[in-house]
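# Chains, contacts and geometry: an overview
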Amino acid sequence: LGMSAAKSLTNNGYFVGFDLGTSGARISVIEPDNVYHDGYREVYAKGIQWNGDYDNAEAWIDAVNSLFQSACEGLGSLACIRSICVSGTSASCLLVNRETRQVT
């Protein structure tokens, strides 16, 4: 881990946002700006375009899992997540059991 990532893991933590929409899925990870102390800075962002899978719920779940995993690999760890936000212009989100996919 770089010094910035290690510092945020021990002090401030990360805020993770997912944007789910008709064209794809995106993740953005931000942390408090410890240098200028004037807000937040984005430390990771990645998107996935739908390849004809827009109507496939498993593709949406796979996209979120893939984006989250890539963020963990890109930043070294997301062990200190303070919050996760999900939004989307055309997405409805439900909490589901990871194993059974039943709504919880």
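See the structure printed just above.
From a predicted model like this one, the values you see are computed outputs, not experimental measurements.

### Some thoughts on the overall build of the chain
The helix and strand inventory of the chain stands at 2 helices and 4 strands. Starting at the N terminus and ending at the C terminus, the chain contains elements arranged as α-β-β-β-α-β. Split into buried and exposed, the 104 residues of the chain put 30% on the buried side. Across the chain, every contact between residues at least 6 apart in sequence was considered, and the portion connecting residues at least 24 apart equals 51%. Put simply, the chain shows about 6800 Å² of open surface, and 50% of that area lies on carbon and sulfur atoms.

### A word on a nonpolar patch on the surface
Where nonpolar side chains cluster on the molecular surface, the patch consists of L94, V96 and V103 and spans about 290 Å² of accessible area. With respect to the secondary-structure elements, L94 resides in the segment after β4 (81-87). Here L94 falls in the exposed class, since its relative accessible area comes to 63%.

### Focus on the sheet that holds strand β3 (residues 40-49)
Strand order across the open sheet formed by 4 strands is β3-β2-β1-β4, with mixed pairing between neighbours. Of all strands in the sheet, those bounded by a partner on one side alone are β3 and β4. In this sheet, adjacent strand axes meet at a mean angle of 15 degrees when their direction is disregarded. Two strands pair when backbone bridges link them, and strand β1 (residues 14-20) and β4 are joined in this way by 6 bridges, in the parallel orientation. When the sheet's bridge partners are listed, F18 is paired in β4 with V86.

### Regarding the environment of Y14
Its place among the elements puts Y14 in strand β1. The exposure class assigned to Y14 is buried, which follows from its relative accessible area of 1%. As for Y14 and R82, which are separated by 68 residues in sequence, their C-alpha atoms are 5.7 Å apart.

### Some details on unusual backbone geometry
At R101, a residue that is not glycine, the phi angle is positive and equals roughly 65 degrees. Among the secondary structure elements, R101 is positioned in the segment after β4. Taking relative accessible area as the criterion, R101 reaches 32% and is therefore assigned partly exposed.

### Observations regarding the pairing of strand β2 (residues 24-32)
For β2, a buried count of 7 out of 9 residues is recorded, marking the element as mostly surrounded by other parts of the structure. In this sheet, β2 lies alongside β1 in antiparallel orientation, the contact comprising 6 bridges. Residue pairing for β2: L20 is matched across the bridge by A25. Hairpin connection, β1 to β2: the antiparallel pair is bridged by 3 residues.

Rules and cut-offs
Residues numbered from 1 in each chain as written. Predicted model: local features only at pLDDT ≥ 70, side-chain atom pairs only at ≥ 80, totals over all residues. Heavy atoms only, no water. Helix = DSSP H or I, 4+ residues; strand = E, 2+ residues; numbered from the N terminus. Buried < 20%, exposed > 50% of the residue type's maximum accessible area, 1.4 Å probe, protein only. Contact = heavy atoms within 4.5 Å. Areas by Shrake-Rupley, 256 points an atom, 1.4 Å probe, with all protein chains shown as cover. Patch = residues over 30% accessible without salt bridge, like charges linked within 9 Å, V, L, I, M, F, W, Y side chains within 5 Å. Salt bridge = Lys/Arg side-chain N within 4 Å of Asp/Glu carboxyl O. Pairing = 2+ DSSP bridges. Axes fitted to C-alpha atoms, helices over the stretch in contact; angles between N-to-C directions.

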